[in-house]
Amino acid sequence: MKVLVVGATGTIGKLVVKELAPRHEVIEASKTNGKFKVDITNEQSIRDLFSQVGKVDAIISVAGNVHFGLVKEMTAAQFNIGLQDKLLGQINLALIGQHFLNDGGSITLTSGIVSHDPIPYGSNVTVVNAAVDAYAVGAAIELERGIRINSVSPSVLQESWEAYGPFFAGFDPVPGAKVALAFRKSVEGRQTGQNYRVW
Ligand SMILES: NC(=O)c1ccc[n+]([C@@H]2O[C@H](COP(=O)([O-])OP(=O)(O)OC[C@H]3O[C@@H](n4cnc5c(N)ncnc54)[C@H](OP(=O)(O)O)[C@@H]3O)[C@@H](O)[C@H]2O)c1
């Protein structure tokens with residue numbers, strides 16, 4: 001299959017590429033460092049990416065920023081960062097990308113454990129992750145031509161523990177290779193409307 005990975009240079013993206021590359025033609029894209037450049041917050045940038053890579057069999061998004069901050073200090077503009085970036089950015093990619101998918105293709109988005117297991121500073125993350133999961137459920141019943149959509153919801157990766165561990169007291173970090181397998185299931189399997197929790 002021809003698989004587009006957006007966020008391919010990131011911690012999870014690299015692991016997803018490693019998992020899929022032996023069996024698929026993987027196209028690596030990301031905002032600043034990717035072989036193909038794309039900004040998922042910009043619709044024209046997404047269209048430009050697809051005009052370069054053409055039709056694909058799978059679209060994977062492992063990109064998206066959120067705002068970490070205390071509720072008592074947060075402004076609507078700060079909260080909007082996660083909505084515009086990780087949420088609407090991934091949805092933009094799905095909305096535009098569906099038209100560049102071959103029949104039977106798939107879309108896989110990334111959410112995260114904080115949707116159900118909140119942490120201090122994480123209210124924006126909780127909302128965004130829950131909405132990403134909900135989008136996969138809601139969009140799945142409408143997509144045509146056998147196109148599927150799922151989300152992968154990882155806990156903190158072992159590979160990210162040094163950076164994020166202090167914010168996740170009592171959490172059990174998961175091996176990145178296990179997270180990558182959930183993306184493989186979404187791409188190579190037949191399920192749709194699923195939220196794959198790797199917790
Ligand atoms: N790491 C974890 O433990 C963990 C756990 C649960 C959920 N998640 C979620 O998984 C996603 C990826 O996490 P990560 O740790 O792998 O992040 P990361 O290492 O910071 O990598 C982020 C990737 O996304 C790309 N990117 C950022 N903004 C973009 C944009 N606007 N358009 C296109 N590409 C963009 C970056 O590209 P460039 O490098 O080219 O700038 C990079 O390839 C995030 O949404 C995060 O919330 C992560």
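As the structure is a prediction and not an experimental result, all values here were calculated from the model. (Residues numbered from 1 in each chain as written. Predicted model: local features only at pLDDT ≥ 70, side-chain atom pairs only at ≥ 80, totals over all residues. Heavy atoms only, no water.)

Asks: Please provide a residue-by-residue account of the layout of surface pockets, values included.
Replies: Its boundaries defined by the atoms lining it, the largest pocket holds a volume of some 920 Å³. When residues of the lining of the largest pocket are assigned to their parent elements, the largest contribution, three residues, is made by helix α1 (residues 11-20). Classifying every residue of the lining of the largest pocket by side-chain character gives 16 nonpolar, 17 polar and four charged. (1 Å grid on protein atoms, 1.4 Å probe; cavity = no way out; pocket = protein on both sides within 12 Å on 5 of 7 lines; lining within 4 Å. Points joined across faces, edges and corners; volume = space filled by probe spheres on them. Helix = DSSP H or I, 4+ residues; strand = E, 2+ residues; numbered from the N terminus. Nonpolar A, V, L, I, M, F, W, Y, C, P; charged D, E, K, R; others polar.)

Asks: Which residues make up a nonpolar patch on the surface, and what values do they have?
Replies: Judged by side-chain polarity, Phe68, Tyr121 and Phe167 come together as a nonpolar surface patch covering roughly 290 Å² of accessible area. Along the chain, Phe68 falls in the loop between β4 (56-61) and α3 (76-97). (Patch = residues over 30% accessible without salt bridge, like charges linked within 9 Å, V, L, I, M, F, W, Y side chains within 5 Å. Areas by Shrake-Rupley, 256 points an atom, 1.4 Å probe, with all protein chains shown as cover. Salt bridge = Lys/Arg side-chain N within 4 Å of Asp/Glu carboxyl O.)

Asks: Tell me about the pairing of strand β2 (residues 25-30), and name the residues and values.
Replies: Where strand β1 (residues 2-6) meets β2, five bridges bridge the pair, whose relative direction is parallel. Following the sheet pairing, Val3 is matched in β2 by Val26. Pairing geometry for β2 and strand β3 (residues 36-37), over two bridges, is parallel. Paired with Ser30 across the two strands is Lys37, which belongs to β3. (Pairing = 2+ DSSP bridges.)

Asks: Describe the pattern of salt bridges, with residues and values.
Replies: Per the stated rule, a full pass over the model turns up seven salt bridges. Residue Glu188 pairs with Arg23 through a salt bridge whose shortest N-O separation is 2.9 Å. With Glu188 in helix α6 (residues 176-188) and Arg23 in the loop between α1 and β2, this residue pair connects regions lying 165 residues apart in the sequence. With a closest N to O distance of 2.9 Å, Glu188 and Arg184 form a salt bridge. With Glu188 and Arg184 both in helix α6 and four residues apart, the pair spans about one turn of that helix.

Asks: Pulling in residues and values, what's your account of the site of the ligand?
Replies: In the vicinity of the ligand, 27 residues are found, and the nearest of them are Thr9, Ser30, Thr32, Asn33 and Lys86. A distance of 2.9 Å separates a nitrogen atom of the ligand from a polar atom in the side chain of Ser160. Protein contacts shield 83% of the accessible area of the ligand, which totals 900 Å² for the unbound molecule. In a pocket analysis with a 2 Å cut-off to the grid points, the ligand is assigned to the largest pocket. Tallied by class, the residues present in the shell around the ligand amount to ten nonpolar, 14 polar and three charged. (Near = heavy atom within 4 Å. Polar contact = N/O pair within 3.5 Å; in protein donor to acceptor, adjacent residues only side chain to side chain. Sits in = over half its atoms within 2 Å of the grid points.)

Asks: Give a description of the packing of α3 against helix α4 (residues 123-140) that names residues and reports values.
Replies: Across the interface, α3 lies against α4 with an axial gap of 9 Å and an inter-helix angle of 15 degrees. Between α3 and α4, the angle is such that the two are roughly parallel. Note on packing geometry: the crossing formed by α3 with α4 is right-handed. Between α3 and α4, the contacting residues are Phe79, Gly82, Leu83, Lys86, Leu87, Gln90, Ile91, Ala94 and Leu95 on the first element and Ser123, Asn124, Val127, Val128, Asn129, Ala131, Val132 and Tyr135 on the second. (Axes fitted to C-alpha atoms, helices over the stretch in contact; angles between N-to-C directions. Parallel < 35°, antiparallel > 145°, perpendicular 65-115°, else oblique. Left-handed = near helix turned anticlockwise from the far one by under 90°. Contact = heavy atoms within 4.5 Å.)

Asks: Lay out the packing of α1 against α6 with the relevant residues and their values.
Replies: For the pair α1 and α6, interaxial distance at closest approach is 9 Å and the crossing angle is 60 degrees. It follows that α1 is oblique to α6 by the angle criterion. Like other packed secondary-structure pairs, α1 and α6 cross with a definite hand, here right-handed. Two secondary-structure elements touch here, α1 through Ile12, Leu15, Val16, Glu19 and Leu20 and α6 through Gly176, Val179, Ala180, Leu181, Phe183, Arg184 and Glu188. For the contact of α1 with α6, the class distribution of residues is eight nonpolar, one polar and three charged.

Asks: Provide a residue-level description of the nonpolar core, including the pertinent values.
Replies: Grouped together as the largest cluster of nonpolar side chains are 28 residues, with contacts concentrated most on Leu4, Val6, Phe50, Val56 and Ile149. Contributing elements (two or more residues each) for this core: β1, β2, α2 (43-53), β4, α3, β5 (101-110) and α4. Excluding its chain neighbours within four sequence positions, the residues that come into contact with Val56 are Lys2, Leu4, Ile27, Phe50, Phe100, Leu101 and Asn102. Of all hydrophobic cores here, the second largest spans 22 residues; its members include Val174, Val179, Ala180 and Ala182. (Core = buried A, V, L, I, M, F, W, Y, C linked by side-chain atoms within 4.5 Å. Buried < 20%, exposed > 50% of the residue type's maximum accessible area, 1.4 Å probe, protein only.)

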